[in-house]
Amino acid sequence: MVRDVDAWVARAADEIAGRVERELEALVAVSSPSGDAQAAEECVAVACALAPPQAVVERLPCSTSGHADDLLLRLRGSGRGRLLLLGHLDTVVDHAAHEPLRRDPAGGRLIGSGTIDMKGGDALALGVLRALAAGGDGCPPFAEVALLLVVDEEWRLGPLAHVQRFAGWDACLCFEAGEQTPDGRDAVIVRRKAASTLHVRAEGAAAHAGSAPERGRNALLALAAAAQAVAAAHDPDGPDRLTVVPTTLHSGAAFNVVPAAGELRCDLRSDRTAAFDEVRALVPDELDGVRLHARLERMWPAMDAADAAAPLLAAASARLGRPLVGTGRGGASDASHFAPAIPFTVDGLGPRGGLAHAAGEYVLAASLRPRAEVALALAAAALDAASG
């Protein structure tokens, strides 16, 4: 049965919807590929300008060296609950390919680099932070609300440095892209696969490709064989839902020289992190005289908050006046890092859209207000539960 939206949720969603497109445009106007510290600082400046005046601005050393500091916006209150909002400001799109925001009225799309991954979510998170800062009738009390916006999510190889700072908080809401169920119900992400990157380095021997190819040890062919060996483990419908996808291969220095060295990278996703070591073991130490060195470059843990989230999804549904359901997604997210430290960690609070990391990346304009309602209702449910 469809009921009325909670009054505070409706008022706050109206306020967010009235400005979120312009704020998304301002965030997307800054091209901010991972690793560009100056671009990150410009994006941080925009986020700070959109933050509520009550927020305390703090900069935290980024988990990845050479990057700008991450941004933390903090609100203090008189309640009991502590809520972390989570997002990232970096994109995978380089400056040359960057697309500023443009509107497609016919398709209802807001098109631009980083719109769905994840500046649309950042804009909604900033709106939720402002709504909680403004308070008013029906606004849930809190002890502390923080919005953490990191600048290295897309290319981080090591652990996320900030997890222990927020360990034991009552809830973490991450604003990666939202979605709907096939029957049109609002959904949030309560399960994610673990993720890793397999890096294989090859050491062969160079030789003239025309006059003496037999004297060489072809690194390219060895890496191609390694790629096929690990890709054979790809089993998305199996018990681990394992995906193994070779993604980049670099080898050779000239068209007429047997390539002496090279590198292969493969994207790995699974419900079970131990599966990644099993994939790595499929790479032989040597192949046709080429030495192969395989290692896992990063490890993003799996996330499963389905049980912890169930009662709060029900409470949020009551505030929304419509069902809110939990679902799973294969892609990695910083929410996965926080889930072991904050049991109620939910992702997918952002708007709906598509073509992440690709030309034509977009947010559906019509999804912005409904997804603002979802985020506000879930934030209220988490803080209400913490207040007892």
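Quick notes on the rules
- Residues numbered from 1 in each chain as written.
- Predicted model: local features only at pLDDT ≥ 70, side-chain atom pairs only at ≥ 80, totals over all residues.
- Heavy atoms only, no water.
- Buried < 20%, exposed > 50% of the residue type's maximum accessible area, 1.4 Å probe, protein only.
- Helix = DSSP H or I, 4+ residues; strand = E, 2+ residues; numbered from the N terminus.
- Arc of directions from axis to C-beta.
- Contact = heavy atoms within 4.5 Å.
- Polar contact = N/O pair within 3.5 Å; in protein donor to acceptor, adjacent residues only side chain to side chain.
- Pairing = 2+ DSSP bridges.
- Expected span 1.5 Å × (residues − 1).
- Disulfide = S-S within 2.5 Å.
- Axes fitted to C-alpha atoms, helices over the stretch in contact; angles between N-to-C directions.
- Parallel < 35°, antiparallel > 145°, perpendicular 65-115°, else oblique.
- Left-handed = near helix turned anticlockwise from the far one by under 90°.

Student: Can you lay out helix H1 (residues 7–17) for me, pointing to particular residues and giving the numbers?
Tutor: The set of residues buried in H1 consists of Trp-8, Val-9, Ala-12, Ala-13 and Ile-16. An end-on view of H1 places all buried positions within 125° of arc, on one side of the element. Looking at the buried positions of H1, the neighbouring elements they touch are helix H2 (20–28), helix H4 (115–134), helix H7 (306–320) and helix H9 (368–387). The opening residue of H1, the one whose side-chain oxygen lies 3.0 Å from the backbone nitrogen of Trp-8, is Asp-6.

Student: Which residues make up the sheet that holds strand S14 (residues 290–300), and what are the values?
Tutor: Pairing is antiparallel in the open sheet, where five strands are placed in the order S11-S12-S10-S14-S13. The open sheet has two free edges, formed respectively by strand S11 (243–251) and strand S13 (286–287), since each of these has just one partner strand. Bridge count for strand S10 (residues 194–203) against strand S12 (residues 261–270) is 10 bridges, and the pairing is antiparallel. When the bridges of S12 are listed, Ala-202 appears paired with Gly-262.

Student: Outline H9, supporting the account with residue identities and numerical values.
Tutor: If you check H9, its first and last C-alpha atoms are 29 Å apart, about what 20 residues at 1.5 Å a residue would give, namely 28 Å. For H9, the buried fraction is high: 15 of the 20 residues fall into the buried class. Gly-388 sits one or two positions beyond H9 and adopts a positive phi of about 80°.

Student: I'd like a description of the state of the cysteines, backed by residues and values.
Tutor: Using the criterion set out here, one finds zero disulfides in the structure. For Cys-174, which is in no disulfide, the shortest distance to another cysteine sulfur is to Cys-172 and amounts to 6.3 Å. What makes Cys-174 buried here is its relative accessible area of 1%.

Student: Which residues make up the packing of H1 against H4, and what values do they have?
Tutor: Where H1 meets H4, the closest approach of the two axes is 10 Å, and the angle between their N-to-C directions is 130°. With respect to their mutual orientation, H1 and H4 come out oblique. Like other packed secondary-structure pairs, H1 and H4 cross with a definite hand, here right-handed. On the side of H1, the interface is formed by Trp-8, Ala-12 and Ile-16, while H4 contributes Leu-124, Gly-127, Val-128, Ala-131 and Leu-132.

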